[in-house]
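# Geometric and topological summary
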Amino acid sequence: MRKLLTLFLLLTLFSCAHKRVEKVRATSSNDSCFSLLESFQRKILTPLEKARSINDQDGLIKGSFAEIGAGQDVSGTFFKAKKASGTIVKTISAYGKEESNRLYGDGQRFVSKQRLFSMLETEFKSLKELEDQFQSGTKLFSYSNSVTTNKNGSGHGWIGIRFQVD
């Protein structure tokens, strides 16, 4: 159930705040995760409220954020939501191509599926190295995005979440 909760919270955090969250079925009404999911279904939550819900998990959900280029707002939402130190293990903003290449390897394109997968893998691996320092039962996730814009304000990007599966 905790895996479902983690995925649900992360995916809905990045969804439009004005859309109603679809009903998610849980297996047990006694599960505390079920209560949290039910509260999500009763109210339309803003991204800040969603981040706060994740941050309020008493350190049982921990992750890293790697944001390259124009998409550097998600980790900021978690910091604004308070109690981010219980959730965020690391956040990195590699705006320049040189630093991004150093961290995640050279690629044909700066904003690409290949770069996103490299970011997710690198950041998740760094979390796994710290896993023995976290309390038992902690679920890990790595969130990455790489976004570009142009002069007229349009652009494209890649976003991904890798999370721990038992």
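Located above this text is the structure these notes cover.
The residue numbering used here restarts from 1 in each chain and proceeds along that chain's sequence as written. Residue-level local features of this predicted model are given only where pLDDT is at least 70; pairs of side-chain atoms are given and counted only at 80 or more, and the full residue set underlies all totals for whole chains, interfaces and linings. The basis for the side-chain values is all heavy atoms of the structure; hydrogens and waters are excluded.

One can find Leu120 in helix α6 (residues 113–130). Using a 1.4 Å probe on the protein chains alone, a residue whose accessible area is under 20% of its type maximum counts as buried, one over 50% counts as exposed, and one in between counts as partly exposed. Judged by relative accessible area, which is 8%, Leu120 ranks as buried. Placed 55 residues apart in sequence, Leu120 and Phe65 show a C-alpha to C-alpha distance of 9.0 Å. Pairs of residues are marked as contacts when any of their non-hydrogen atoms sit within 4.5 Å. Not counting chain neighbours up to four residues away, the residues in contact with Leu120 comprise Ser142, Tyr143, Ser144, Gly160, Ile161 and Arg162. Note on conventions: DSSP H or I runs of at least 4 residues are helices, E runs of at least 2 residues are strands, and numbering of each starts at the N terminus.

Here the expected span of a helix is defined as 1.5 Å times the quantity of residues minus one. The end-to-end C-alpha separation of α6 is 26 Å, in line with the 26 Å expected for 18 residues at 1.5 Å each. For α6, the set of buried residues is Arg115, Leu116, Ser118, Met119, Leu120, Glu123, Phe124 and Leu127.

Let us look at the packing of aromatic side chains. Note on aromatic pairs: the rings of Phe, Tyr and Trp (six-membered ring only in Trp) are paired at centre separations within 6.5 Å, and the planes decide the class, stacked below 30 degrees, edge-to-face beyond 60, tilted for the rest. For the coordinates displayed, the defined rule picks out three aromatic pairs. Aromatic side chains Phe65 and Phe78 sit 4.9 Å apart centroid to centroid with 55° between the ring planes, which places their arrangement in the tilted category. On the criterion of sequence distance, the pair formed by Phe65 in strand β1 (residues 61–69) and Phe78 in helix α4 (residues 74–80) is long-range, its members being 13 residues apart. Here Phe65 matches Phe78 in class, with each residue buried. When the centroid spacing of 5.5 Å and the interplanar angle of 85° are considered together, the rings of Phe65 and Phe141 count as edge-to-face. Pair noted here: Phe65 is in strand β1 and Phe141 is in strand β3 (residues 139–149), with a separation of 76 residues, a long-range link. Of the residues examined, Phe65 reaches a relative accessible area of 0% and is grouped as buried.

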